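Single-letter residue listing:
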Number of protein chains: 2
Amino acid sequence: MEQTLTISIQDYLKHIYELTDRGAPASTNALAERLKIKPASVTGMIQKLAASNPPLVEYQKHQGVTLTKDGKKAALEVIRHHRLLEAWLVQTLGYSWDEVHEEAERLEHVISEDFERRIAAAMGHPLRDPHGELIPTADLKMPLDDSTPLSALRPNQTGTIQCVKAADDELLRHLESLGITPGASIEVKEYSSYDHNLTVKVGKKTSVLGLNITSKIFVEES
Amino acid sequence: MEQTLTISIQDYLKHIYELTDRGAPASTNALAERLKIKPASVTGMIQKLAASNPPLVEYQKHQGVTLTKDGKKAALEVIRHHRLLEAWLVQTLGYSWDEVHEEAERLEHVISEDFERRIAAAMGHPLRDPHGELIPTADLKMPLDDSTPLSALRPNQTGTIQCVKAADDELLRHLESLGITPGASIEVKEYSSYDHNLTVKVGKKTSVLGLNITSKIFVEES
DNA sequence: ACAATAATTTAGTCTTACCTAAATTTTATT
DNA sequence: AATAAAATTTAGGTAAGACTAAATTATTGT
Ligand SMILES: [Mn+2]
Ligand SMILES: [Mn+2]
Ligand SMILES: [Mn+2]
Ligand SMILES: [Mn+2]
């Protein structure tokens, strides 16, 4: 059998990894939405991946999918490529953090292991990508993430921004204009229990952020 | 209609361009060999490309194919990507000229026009790739090539090596060890009319080269 | 000019990865 | 516990792009 990891399969595994990040299996519908294909098609592929040798996913009808050891390894491989590429595009070609995603999305599937090693070495083996996301190590382990969502902080708490988990480039540009980028120090000023808005201060700028944003920003408390 | 230029199609067009470089149409068999697929499959694709709107190739049964204006433009686009990528890989990631081809072969189909512009600018818009091949310009014209094959030179003639048209990495490493790389000065010492061997001197090294090699090395006479 | 050989094309299959429409769970609501 | 709604799966297609085997055309050496 020995599954060839087609670009499609790589994308399935990557998205399953991200959806199962916090324990629960990934649903057919959630996967379909992410992959921008129809749920019926997802079922077909999932069944194939579960039946392959070795199986790449664990699957029970109507219960969603999780990755097997092999599937996880393959997913981390793609994610490592993606994040290293993003870092490299920013560092060597002057891409901004809102421009890199699309390009990395295509390149991640075609670069060689040699290319991966070369860019990793050229950058001094970075730990995070331009959005602050952790880069899986060369031996395909995901480093531990000790950050908390900004949405969990309350007035007077402060922290350092670790990571912004957003794909929308408009939002990324907006956050950058507010100084909200990895490495910045942030202080929570106010909290509204009605709409969960947080008033935060970064540098000299004060901003009011809704939950849909604060839940995507991850900080290390200080 | 508006053909989507799939990776397969891009490869066909690129190889047709190279095969028709000196006027004559490309034969089905020659294309099949280059693309490493069966002649029967080539016929099918060629017919599709000739029937597409706009047509990308000109084709008459048993007479081979040539590129139309549109096909040529698409081919030059891919070739520009390939050669810029090769130059980029050598200049920024330390690849050697025998290692770049494979990697560029996959990347050429997935980089954006933005990526193309950025690497071209970063390198100062190079005219040639690491093998000395001319890079099509940003507006997709192939610069004039005024070089002659080394095989056409005779004793006492000298020149500067412009380009080595070889894909075989062993051969490339061998030539490099002989000092035969773009930019090097070369002098023809002897010629054997029996086997068309040339004895050449580059730097302090003297080598005897067969026609299969000398026909792949292009020089500018001096 | 004609058979032998080489090149090319046709016809019919296969695989991958999608789709739509219809059937079947599962889950949520009363 | 019954039913409505939502999620999932099945069944039957389609499109690309390859393959094999067989048929057809060209080319070549005598
Ligand atoms: Mn890798
Ligand atoms: Mn990222
Ligand atoms: Mn281009
Ligand atoms: Mn080259």
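Our structure's up above, just so we're on the same page.
The notes below deal with the structure included here. Being a predicted model, the structure only gives us computed values, none of them experimental.

Cut-off values and rules
- Residues numbered from 1 in each chain as written.
- Chains lettered and ligands numbered in written order.
- Predicted model: local features only at pLDDT ≥ 70, side-chain atom pairs only at ≥ 80, totals over all residues.
- Heavy atoms only, no water.
- Near = heavy atom within 4 Å.
- Polar contact = N/O pair within 3.5 Å; in protein donor to acceptor, adjacent residues only side chain to side chain.
- Least-squares fit on C-alpha atoms with pLDDT ≥ 70 in both.
- Buried < 20%, exposed > 50% of the residue type's maximum accessible area, 1.4 Å probe, protein only.
- Helix = DSSP H or I, 4+ residues; strand = E, 2+ residues; numbered from the N terminus.
- Arc of directions from axis to C-beta.
- Contact = heavy atoms within 4.5 Å.
- Axes fitted to C-alpha atoms, helices over the stretch in contact; angles between N-to-C directions.
- Parallel < 35°, antiparallel > 145°, perpendicular 65-115°, else oblique.
- Left-handed = near helix turned anticlockwise from the far one by under 90°.
- Nonpolar A, V, L, I, M, F, W, Y, C, P; charged D, E, K, R; others polar.
- Donors = N, O, S within 2.8 Å, 3.2 Å for Na, K, Ca; no water.
- Buried area = accessible area lost by both parts, 1.4 Å probe.
- Salt bridge = Lys/Arg side-chain N within 4 Å of Asp/Glu carboxyl O.

Regarding the protein's contact with DNA strand C
Not every one of the 20 residues close to DNA strand C is listed here, only the nearest: Thr6(A), Ser8(A), Lys48(A), Gln47(B) and Tyr59(B). The contact in question runs from a phosphate oxygen of DNA strand C to an N or O atom on the side chain of Tyr12(A), over 3.5 Å. Within the contact set of DNA strand C, a phosphate oxygen lies 3.2 Å away from a side-chain nitrogen or oxygen of Lys61(B).

A closer look at the relation of the copies chain A and chain B
Superposition of chain A onto chain B requires a rotation of 180° combined with a translation of 0.0 Å along the rotation axis, giving an RMSD of 0.1 Å. The symmetry that links the two subunits is that of a two-fold axis. In terms of proximity to the rotation axis, the leading residue of chain A is Leu107(A), whose C-alpha is 3.5 Å off the axis.

Description of helix α2 (residues 28-35) of chain B
Residue and element names in this part refer to chain B. Those residues of α2 lying buried are Leu31, Ala32 and Leu35. Down the axis of α2, the smallest arc covering the buried residues is 100°, so these residues share one side. Residues of α2 that are exposed and point more than 90 degrees away from the buried face comprise Asn29 and Glu33. Packed against the buried residues of α2 are α1 (7-19), α3 (39-51) and β2 (65-67). Positive backbone phi, approximately 55°, marks Lys36, located one or two places after α2.

Things to note about the packing of helix α4 (residues 69-93) of chain A against helix α5 (residues 100-107) of chain A
Residues and elements named next belong to chain A. Look at α4 against α5: their axes get within 9 Å of each other, and the N-to-C directions meet at 130°. When the axis of α4 is compared with that of α5, the two are oblique. You can see that α4 and α5 cross each other, and the crossing is right-handed. From α4, His82, Leu85, Glu86, Leu89 and Val90 reach across to α5, where they touch Val100, His101, Glu103, Ala104, Glu105 and Leu107.

Observations concerning the protein's contact with DNA strand D
Around DNA strand D sit 20 residues, and of these Gln47(A), Tyr59(A), Thr6(B), Ser41(B) and Lys48(B) come closest. A share of 81% is what sugar and phosphate atoms reach among the atoms of DNA strand D within 4 Å of the protein. At 2.9 Å from a phosphate oxygen of DNA strand D is found a main-chain nitrogen or oxygen belonging to Lys38(B). Within the contact set of DNA strand D, a phosphate oxygen lies 2.8 Å away from a side-chain nitrogen or oxygen of Ser41(B). Only α2 (28-35) and α3 (39-51) of chain A together with α1 and α3 of chain B provide two or more residues apiece to the surface near DNA strand D. Taken together, the residues of the surface near DNA strand D sort by class into 7 nonpolar, 10 polar and 3 charged.

So, the coordination of the manganese ion (ligand 1)
Residue and element names in this part refer to chain A. At this site the manganese ion (ligand 1) is bound by Glu77 (OE), His81 (NE2), Glu113 (OE), Glu113 (OE) and Glu116 (OE), with donor distances of 1.7 to 2.6 Å. Donor residues for the manganese ion (ligand 1), ordered by position in the chain, follow E-x3-H-x31-E-x2-E. Of this pair, Glu113 and Glu116 are both found in helix α6 (residues 113-122), 3 residues apart, which corresponds to roughly one turn of the helix.

Brief notes about the interface of chain A and chain B
Counting residues at the interface gives 18 residues for chain A and 18 residues for chain B. Summing both sides of the interface, chain A and chain B together bury roughly 1500 Å²; the carbon and sulfur share of this comes to 60%. At the boundary of chain A and chain B, one finds 2 salt bridges. Two residues, Arg118(B) and Glu99(A), come together in a salt bridge whose shortest N-O distance is 3.1 Å. The interface formed by chain A and chain B holds 10 residue pairs in polar contact (both at pLDDT 80 or more) in total. Mapped by element, the contributors of at least two residues to the side of chain A that touches chain B are α4, α5 and α6 of chain A. Sort the elements by how many residues they give to the side of chain A that touches chain B and α6(A) lands first, with 5 residues. Considering only residue class, the side of chain A that touches chain B consists of 10 nonpolar, 3 polar and 5 charged.

Things to note about the side chain of Asp129(A)
Residues and elements named next belong to chain A. Positionally, Asp129 belongs in the loop between α6 and β3 (148-149). From its side chain, Asp129 meets the backbone nitrogen of His131 in a polar contact 2.7 Å long. Sequence-distant contacts of Asp129, defined by excluding residues within four places in its chain, comprise Arg83, Glu86, Ala87 and Ile135.

With respect to the pattern of salt bridges
It is possible for side chains bearing opposite charge to pair when their charged atoms get close. Residues and elements named next belong to chain A. Taken as a whole and assessed by the stated rule, the structure comprises 24 salt bridges over all chains. One salt bridge in this structure joins Lys14 and Asp11, with 3.9 Å as the shortest N-O distance. Placement of the pair is Lys14 and Asp11 together in helix α1 (residues 7-19), with a separation of 3 residues, close to one helical turn. Both residues of the pair, Lys14 and Asp11, count as buried. For the salt bridge of Arg80 with Glu116, the shortest nitrogen-to-oxygen distance reads 2.6 Å. A residue pair is termed long-range when its members are at least 10 positions apart, and Arg80 in helix α4 and Glu116 in helix α6 qualify at 36 residues. Here Arg80 matches Glu116 in class, with each residue buried. Here the salt bridges do not stand alone but share partners, grouping Asp11, Lys14, Glu105 and Glu108 into one network.

Keep in mind these numbers describe shape, not what the thing actually does.
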